[in-house]
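A closer look at the structure
Chain by chain, the residues run as shown.
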Amino acid sequence: MTEPSGETAPEAAEPAEDLQEGTPGAPAPAPDATEEPGTAEEPRSADEAADVADAAAEGQAADAAGPAEDDTEDEAEGGAEVGAEVGAEGGAAGDGEAAGGAEGEAAADDEAAGGAEVSAEGESAGGAEAAAGDQAVDAAEPAGAAEVGAEGRTAAEGEAAAALSDAQAELAAQRELRARIEARKAEKGGPVAAGAKLSGTAADLLAAVRAVEGGAASGSTLYEAPEPAPRRPAPEAAPAVTVRPPAPVRAPAPAPGTTAAVREVLAKGGAPEALAGQVAATLGEGAAAALLDDPWQLLAVPGVRPEQADGFARALLGPACGPDDPRRTVALTVWILDRAALQGHTALEIQAVRAGLAGHAVPDPESAVEEAVAAGAVLVFQEESPEPEEHAEDDEAPEESAPEEPASPVLLGLDRYAMAEESLADALARLARTVTAAEWDGTELERAAGAHGLVLHTGGEASRTEPVALAAAARARGLRTLVAVHADDGRRALGAAGEDAVTVAALLSGTAGPGRDEEGALALDLLVVLDAPQLDVESAAMLVESLPDGCRLVLSGDPGVLGAPGAGQVFTDVLAARVCPRIASRLPDPGPLGELVSGIGAGELHQVEAPGKEIVIVPVRDAGEAVHRTVQLVADSVPRAIGVPSEQTQVVTVGHGGSAGTRALNTALKQRLNPGPGRFGGYDVGDRVAYAPAPGRTVTGTVLSADAEGLRLRCGDEAVLVPRERVESELRHGWALTAHQAAGTRWPAVVVVLPGDAAGGLSRPWVYTAFGRAERHLSVVHGVDQALPRAVAEGVAPERTTRLRPLLETLLAVPEE
């Protein structure tokens, strides 16, 4: 799994205007409101270099809604000042270029950061605002806007505490997965000759790869990377069951001697010695020697940027290094693809990679890409186009023949995602081909599951009952059946049926679910996976590889929500491939909230009647007021008027940074709901927290106690101990989350915060996901004016570049009727 980036918190756009009518579909601006553009948060000092990977440890995907990435801001806050000022040869292009998408600093609104000017009577004014806020929920027109009171006091500046990455555990898990996949490939046979139809650049690059594999050319001795594994052939028959990859375990801490040697090299290069633990965990036992030979391997550490690695390299190598140094260009190519994975891509078009290299002052990007391919650091792909059909009418004029379709683009990717996608495609094809078809009576979904090994099911929240009913019916037939969900809260939403459900993470770790047979496969005949859009390609590959031959797999989910927080878009790709039955639910989501969310999914922001105060719109003029009104809603108005206590109300906002991001909101909410000095690493007993035990997976909980071992939490029904050394990297305050963190979980009441500077980060999937987290009540703190209906109508999230769909189409092609 990749280290997903934080969600967007775009720079302040146009000044937010007050809204007069509180219906989602028809906001009316008040022209007198003004707001000054925000400024980016200042980076932290080099003494705090241990926080270099704040965005990486957050474990989220890049928000598909906007071009600006809040993880960039996180890296700036926690990043180490690795080297001296960057010269002409050291990435003169600055921070502007990211792989596959631009990166932006999250805006920090001056008005919100400093607060509106509060007079000596500020406290009484705040009381007046509280009274006005009560009217927002108590009003007879539940979808109407509350009157905005005096200027709200702003929340304290957001926490600067950053979190370290969990790359250590992920690397160990991926190494084991890679080794087992390669072992299975070796058992199945040799590589298949491919690429005969390639030409031009693709053929040259593929030839370079094969030259390295065959020993005719040597790769770079300065950038160590595994050789690319050959593409496996499509299985002609059911492959033999092999031992599947075990659940990921945390990698052991690096040896003290390794860390000490790395610390010495870092000091020699002018880099913060606090990075030693991360570098040793990332690069392994020979980290010190690797850095001396190739200083740019420092880029493999999450959060380190090219300019920092350039300064470090110059300090170690002196004038011997330059912008065209092969070690630099190879490391930069890998870094660009790693950054693309944070955006959800498993590969990038070759032109995008070249543009990224040019943005970092690489003189010859084309040669740099060839060098990276020859070194085995990246792989090159081009899907072969089908042969054009020959027609008998050869006497037709050649100029009237249909124009040739453009060739598939040349893609570059990292071996970890390439192997995961190919392994997943093979495993899905194996399930589809090895099932014994049976005629099952019942619903359309039951009949499809009986006859096929792979079935897709789509629908909203209400439709979750259908695959659960399928599992119950299969269990009654004597099949070993299991339901897996994305988050623990998904089990609660299933009611009594959720008692036997498990999370995907727990199933893979072996802490829940059935045991494994003598060959390492899960003892199952049917696996139903809810929240399937949240599966990234690596988790999906591990899961499907763990299923035995003949097992049925049903993937169910809502295709309108935000995609997986890791690389890949498994559910979307399998849907688009059209290689298995697809059952669309006809169950509508009930009530005003269901009507509102269903309309958003169709691209329309309807005015919805909400007689039970299910939907309330609270207009605000600026980010400072947005923070104030959010605290008022959570702490007072929603519990009193709706009957949902504060601990069951979740705040969802666009990003971590900015004047109304999760940091600012969590600071303000803690001051109101659980004030305290933060005795235990910034936390107090009773604090609500967001716990990220693995990148891309976030669960909410409450701090119970702290002792010498660490911080003890209550996450749902489970007691969790977070070791002291992992508190900083795996915990954040959790009263406010981003939409990616909230995906897969629902709460009785949700407050969605849309400050004016968040307009650029909105998209239809973001709004659909955020609004859909509410079960009984939704409050929208609205400061984006017409940007909200525009985002719903036009804001389609950028597509991810992946290879799973063509792989599936090749393996499971179904002839058209």
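Here, the structure is the one placed above.
Attention in this report is confined to the structure presented alongside it. (Residues numbered from 1 in each chain as written. Predicted model: local features only at pLDDT ≥ 70, side-chain atom pairs only at ≥ 80, totals over all residues. Heavy atoms only, no water.)

Along its length, the protein chain carries 28 helices and 23 strands. Restricting to contacts in the protein chain with at least 6 residues of sequence separation, those with at least 24 account for 79%. Surface exposure of the protein chain reaches about 31,800 Å², of which carbon and sulfur atoms provide 51%. (Helix = DSSP H or I, 4+ residues; strand = E, 2+ residues; numbered from the N terminus. Contact = heavy atoms within 4.5 Å. Areas by Shrake-Rupley, 256 points an atom, 1.4 Å probe, with all protein chains shown as cover.)

In this section: the sheet that holds strand 17 (residues 697-706). Strand order in this open sheet of 5 strands is 19-18-17-16-20, and the pairing throughout is antiparallel. At either margin of the open sheet sits one strand with a lone partner, and together these are strand 19 (718-723) and strand 20 (731-733). Mean inter-strand twist for the sheet, computed between neighbouring axes without regard to direction, equals 40°. Note: strand 16 (residues 688-694) against strand 20, 3 bridges, orientation antiparallel. When the bridges of strand 20 are listed, Ala-690 appears paired with Arg-732. (Pairing = 2+ DSSP bridges. Axes fitted to C-alpha atoms, helices over the stretch in contact; angles between N-to-C directions.)

This part takes up the packing of aromatic side chains. Aromatic ring pairs are defined here through the distance separating the ring centres and the angle between the ring planes. In the structure shown here, the tally under the stated rule is 0 aromatic pairs. Directly above the aromatic system of Phe-381 lies the positively charged group of Arg-803, at a separation of 3.8 Å from the ring centroid. (Phe/Tyr/Trp six-rings, centres within 6.5 Å; stacked < 30°, edge-to-face > 60°. Lys NZ or Arg CZ within 6 Å of the ring centre and 35° of its normal.)

Its place among the elements puts Arg-800 in the loop between helix 27 (787-794) and helix 28 (804-811). Judged by its relative accessible area of 11%, Arg-800 falls in the buried class. At 2.9 Å, the side chain of Arg-800 and the backbone oxygen of Ala-564 are in polar contact. Separated by 3.1 Å, the side chain of Arg-800 and the backbone oxygen of Gly-566 make a polar contact. (Buried < 20%, exposed > 50% of the residue type's maximum accessible area, 1.4 Å probe, protein only. Polar contact = N/O pair within 3.5 Å; in protein donor to acceptor, adjacent residues only side chain to side chain.)

The next thing to look at is the sheet that holds strand 7 (residues 411-413). Reading across from one edge, 5-7-6 is the order of the 3 strands in this open sheet, with antiparallel pairing throughout. Because the sheet does not close on itself, it has two edges, and the strands there are strand 5 (348-349) and strand 6 (379-381). Where strand 5 meets strand 7, 2 bridges bridge the pair, whose relative direction is antiparallel. For Glu-349, the partnering residue across the bridge sits in strand 7 and is Leu-411.

What follows deals with the nonpolar core. One broad rule of soluble globular proteins: the nonpolar side chains tend to lie buried together. The biggest cluster of nonpolar side chains holds 91 residues, and the ones touching the most others in it are Leu-266, Leu-527 and Leu-553. Residue contacts for Leu-553: discarding those within four places in its chain leaves Leu-428, Leu-431, Gly-453, Leu-454, Val-455, Leu-527, Val-529, Val-544 and Leu-547. (Core = buried A, V, L, I, M, F, W, Y, C linked by side-chain atoms within 4.5 Å.)

This next bit is on the packing of helix 14 (residues 415-434) against helix 28. Any two packed helices are characterised by how steeply their axes cross, that is the angle between the axes, and by the distance between the axes. Viewed as axis vectors pointing N to C, helix 14 and helix 28 meet at an angle of 35°, and their least axial separation amounts to 9 Å. Handedness of the helix 14/helix 28 crossing: right-handed. Here Glu-421, Glu-422, Leu-424, Ala-425, Asp-426, Leu-428, Ala-429 and Arg-433 of helix 14 come into contact with helix 28, specifically with Leu-804, Leu-807, Leu-808 and Leu-811. Across the contact of helix 14 with helix 28, the residue classes break down as 8 nonpolar, no polar and 4 charged. (Left-handed = near helix turned anticlockwise from the far one by under 90°. Nonpolar A, V, L, I, M, F, W, Y, C, P; charged D, E, K, R; others polar.)

Contact geometry for helix 15 (residues 444-451) and helix 16 (residues 465-476): axes closest at 9 Å, N-to-C directions at 55°. Taken together, helix 15 and helix 16 sit at an angle that is classed as oblique. Taken as a pair, helix 15 and helix 16 cross one another with a handedness that is right-handed. Contacts between helix 15 and helix 16 involve Leu-445, Glu-446 and Ala-449 from the former and Glu-466, Pro-467, Leu-470 and Ala-473 from the latter. (Parallel < 35°, antiparallel > 145°, perpendicular 65-115°, else oblique.)

Okay, helix 26 (residues 764-771) next. In terms of burial, helix 26 is a largely internal element, 7 of the 8 residues being buried. Those residues of helix 26 lying buried are Pro-765, Trp-766, Val-767, Tyr-768, Thr-769, Ala-770 and Phe-771. At its buried positions, helix 26 is contacted by helix 21 (591-601), strand 15 (649-653), helix 25 (739-742), strand 22 (747-754), strand 23 (774-782) and helix 27.

Let us look at the pairing of strand 9 (residues 481-485). Taking burial as the measure, the 5 residues of strand 9 include 5 buried ones, the bulk of the element. Neither face of strand 9 is left uncovered, since the one carrying Thr-481, Val-483 and Val-485 and the one carrying Leu-482 and Ala-484 both have all their residues buried. Alignment of strand 9 against strand 11 (residues 526-529), held across 4 bridges, turns out to be parallel. Bridge assignment links Thr-481 to a residue of strand 11, and that residue is Leu-526. Pairing geometry for strand 9 and strand 10 (residues 502-503), over 2 bridges, is parallel. Residue Ala-484 lies in a different strand from strand 10, and its bridge partner there is Val-502.

This part is about the pairing of strand 15. With 5 of its 5 residues buried, strand 15 lies for the most part within the structure. Across the two faces of strand 15 the burial is the same, with Thr-649, Val-651 and Thr-653 and Gln-650 and Val-652 all buried. Looking at chain direction, strand 15 and strand 22 are connected through 4 bridges and run parallel. Looking at strand 22, one finds that Val-652 is bridged to Val-752.

With that settled, consider a negative patch on the surface. On the surface, Asp-324, Asp-364, Glu-366 and Glu-370 cluster together into a negatively charged patch. With respect to the element layout, Asp-324 can be found in the loop between helix 10 (306-317) and helix 11 (326-342). Classification of Asp-324 by relative accessible area gives exposed; the value is 53%. (Patch = residues over 30% accessible without salt bridge, like charges linked within 9 Å, V, L, I, M, F, W, Y side chains within 5 Å. Salt bridge = Lys/Arg side-chain N within 4 Å of Asp/Glu carboxyl O. Lys, Arg positive; Asp, Glu negative; His and termini not counted. Charge placed at Lys NZ, Arg CZ, Asp CG, Glu CD.)

What follows concerns the pattern of salt bridges. Counted by the stated rule, this structure contains 18 salt bridges. Put simply, Arg-480 and Asp-525 hold a salt bridge, and the shortest N to O gap is 3.0 Å. One end of the pair, Arg-480, is in the loop between helix 16 and strand 9; the other, Asp-525, is in the loop between helix 18 (504-509) and strand 11, and 45 residues separate them in sequence. For Arg-480, a relative accessible area of 42% puts it in the partly exposed group. Taking the relative accessible area as the measure of exposure, Asp-525 reaches 23% and is therefore partly exposed.

Quick look at unusual backbone geometry now. Glycine aside, a negative phi is what most residues show, and trans is what most peptide bonds show. Despite not being glycine, Arg-578 shows a phi value in the positive range, around 55°. Residue placement: Arg-578 occurs in the loop between helix 20 (570-577) and strand 13 (582-584). Residue Arg-578 is classed as exposed on the basis of its relative accessible area, which comes to 56%. A positive phi angle is found at Lys-613, which is not glycine, with a value near 60°. The residue Lys-613 is located in the loop between helix 21 and strand 14 (615-619) in this model. Given the relative accessible area of 23%, Lys-613 is considered partly exposed.

Looking now at the environment of Val-378. Tracing the sequence through the fold places Val-378 in the loop between helix 13 (365-374) and strand 6. Judged by its relative accessible area of 0%, Val-378 is buried. The spacing of Val-378 and Ala-418 is 40 residues in sequence and 9.8 Å in space, taken between C-alpha atoms. In this structure Val-378 touches Thr-333, Val-334, Leu-337, Ala-372, Val-373, Gly-413 and Leu-414, once residues within four positions along its chain are discounted.

By secondary structure assignment, the location of Ala-352 is in helix 12 (residues 350-358). For Ala-352, a relative accessible area of 29% gives the class partly exposed. Spatially, the C-alpha atom of Ala-352 lies 9.5 Å from that of Leu-412, the residues being 60 residues apart in sequence.

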